Amino acid sequence: MTYDVIIIGSGPAGLSAAIYAQRAMLKTLVIEREYISGGQVNDTYEIDNYPGSKGISGLDLAERMREHADAMGAEFITEDVISLRAEGDVKKVVTDSGSYETRTVIIATGATHRKLGVPGEEELAGMGVSYCATCDGAFFKDKVVTVVGGGDVALEDAIYLARTSAKVYVIHRRDEFRGARILAERLRALPNVEVLWNTQVREIKGSGKVEELTVYNNKENREYPLKTDGVFIAVGITPGSEVFSSVVDTDEAGYIIADETCATSVPGIFAAGDVRTKQLRQIVTAVSDGANAVTSAEKLL
């Protein structure tokens, strides 16, 4: 059997693509390596910026999207894609359990936030531990928050959070930022921001929510507690493009190069959601990508 489209990944981009592909009456297969759909959405305790779903939990939103795709008749399998062969008009997607032929492919494997790997991080994820300031910042109005990191994203997150939070700590393990100088200057000019240089997070503590960090000053060899209501971890993002980087063009950070049409450097292969080059990585933009990718695939078919 040759499918019209195989969608790799079932986060918001992949699920949106599945819905649109079924509406277009395309023979569709969705391959997801995890046992539940949703991707990063599942790690979000409460969503406040997806239109029409204010206050919904990430798990509930992901479940609704999957139910919608199931109701449309999309075929799902749980397998891990290990390679993509793109020679000729028919592509071959190889998994750990078999191989599948298709006329078009939509890569919707998302991206993962790098973690600190400290005690309490996993346990309090979504309960004060966040990896997205624009997603969750509104929940910390007039509260004390902490940003961990020293690159552009960390600086932008701290500046964003300082607009509504009472106090913003920025923890950086070095004595100078890696981010753009203009962002660093803007940050230093904010009266409610305090930078903790040469400092690392050792533990995240709290009962049901983040309440305190254990931090370590590596210059003074001193460990101490830091009270905070939330911690935003911005130490990097890794796109899920490793399997495909030898097939399609990627940028220096590993994101698959694709514009709003979601077309990649290889005809018939499209990239949707957080895995592709784009300005904003949010649920709403991922869902939009899924629709655009299917529209582009349908035109090609």
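Turning next to the overall build of the chain. Helix and strand counts for the chain stand at six helices and 17 strands. The C-alpha radius of gyration computed for the chain amounts to 21 Å, which stays within 12% of the reference 19 Å derived for 301 residues, consistent with globular compactness. On the principal axes, the C-alpha backbone points of the chain span a range of 65 × 35 × 30 Å. Residue burial in the chain is summarised as follows: out of 301 residues, 50% are buried. Within the chain, residue pairs in contact and separated by at least 24 positions form 57% of the contacts whose partners lie at least 6 positions apart. Accessible surface computed for the chain: about 14,700 Å², of which carbon and sulfur atoms make up 47%.

Before going further, it helps to examine the packing of helix α4 (residues 152–162) against helix α5 (residues 181–188). At a minimum axis distance of 10 Å, the contact between α4 and α5 shows a crossing angle of 30°. As far as their axial angle goes, α5 and α4 are roughly parallel. Note that α4 runs across α5; the crossing there is left-handed. In contact with Asp152, Leu155, Glu156, Ala158 and Ile159 of α4, α5 contributes Leu183, Ala184, Arg186 and Leu187. In terms of residue class, the contact of α4 with α5 is made up of six nonpolar, no polar and three charged.

In any sheet, the strands associate via hydrogen bonds between backbone groups, in a parallel or an antiparallel arrangement. Spatial ordering of the open sheet is given by β12-β13-β14, a layout of three strands whose pairing is antiparallel. Single-partner strands in this sheet number two, and they are β12 (199–205) and β14 (222–227). This sheet shows a mean twist of 25° between the axes of neighbouring strands, independent of strand direction. When β12 meets strand β13 (residues 212–217), the two strands line up antiparallel, connected through six bridges. Of the residues in β13, the one forming a bridge with valine 201 is valine 215.

What follows deals with the packing of aromatic side chains. In this structure the tally under the stated criterion is two aromatic pairs. Judged by centre distance (5.4 Å) and plane angle (75°), the ring pair of phenylalanine 140 and phenylalanine 232 falls under edge-to-face. Of the two residues, phenylalanine 140 sits in the loop between α3 (133–136) and β9 (144–148) while phenylalanine 232 sits in strand β15 (residues 230–233), which places them 92 residues apart along the sequence. With respect to burial, phenylalanine 140 and phenylalanine 232 carry one shared label: buried. Judged by centre distance (4.7 Å) and plane angle (50°), the rings of phenylalanine 177 and tryptophan 197 are tilted. Within this pair, whereas phenylalanine 177 is found in the loop between β10 (167–171) and α5, its partner tryptophan 197 is found in the loop between β11 (193–196) and β12, the two being separated by 20 residues in sequence. Of the residues examined, tryptophan 197 reaches a relative accessible area of 26% and is grouped as partly exposed. For arginine 23, the ring lying beneath its charged end belongs to tyrosine 20, and the centroid distance is 5.6 Å.

Before going further, it helps to spend a moment on the sheet that holds β15. Spatial strand order, β8-β15-β9-β10-β11: five strands in an open sheet with parallel pairing. Lying at the two open borders of the sheet, with one neighbouring strand each, are β8 (129–130) and β11. Packed onto the sheet, α4 meets β9, β10, β11 and β15 and runs at close to 170° relative to β9.

Once that is clear, we can look at the pattern of salt bridges. Taken as a whole, this structure holds 12 salt bridges when the rule is applied. Put simply, aspartate 70 and arginine 66 hold a salt bridge, and the shortest N to O gap is 3.0 Å. Within this pair, aspartate 70 and its partner arginine 66 are both found in helix α2 (residues 58–71), separated by four residues, close to a single helical turn.

On to the pairing of β9, then. Most of β9 is tucked away: four of the five residues are buried. Two strands pair when backbone bridges link them, and β9 and β10 are joined in this way by five bridges, in the parallel orientation. Of the residues in β10, the one forming a bridge with threonine 146 is tyrosine 169. Once you follow β9 into α4 and on to β10, the crossover reads as right-handed. Inspection of the sheet shows β9 paired to β15 by four bridges, in the parallel sense.

What counts, and where the lines are drawn
- Residues numbered from 1 in each chain as written.
- Predicted model: local features only at pLDDT ≥ 70, side-chain atom pairs only at ≥ 80, totals over all residues.
- Heavy atoms only, no water.
- Helix = DSSP H or I, 4+ residues; strand = E, 2+ residues; numbered from the N terminus.
- Rg over C-alpha atoms; globule rule 2.2 N^0.38 Å.
- Buried < 20%, exposed > 50% of the residue type's maximum accessible area, 1.4 Å probe, protein only.
- Contact = heavy atoms within 4.5 Å.
- Areas by Shrake-Rupley, 256 points an atom, 1.4 Å probe, with all protein chains shown as cover.
- Axes fitted to C-alpha atoms, helices over the stretch in contact; angles between N-to-C directions.
- Parallel < 35°, antiparallel > 145°, perpendicular 65-115°, else oblique.
- Left-handed = near helix turned anticlockwise from the far one by under 90°.
- Nonpolar A, V, L, I, M, F, W, Y, C, P; charged D, E, K, R; others polar.
- Pairing = 2+ DSSP bridges.
- Phe/Tyr/Trp six-rings, centres within 6.5 Å; stacked < 30°, edge-to-face > 60°.
- Lys NZ or Arg CZ within 6 Å of the ring centre and 35° of its normal.
- Salt bridge = Lys/Arg side-chain N within 4 Å of Asp/Glu carboxyl O.
- Right-handed = clockwise from strand over helix to strand, strands pointing away.

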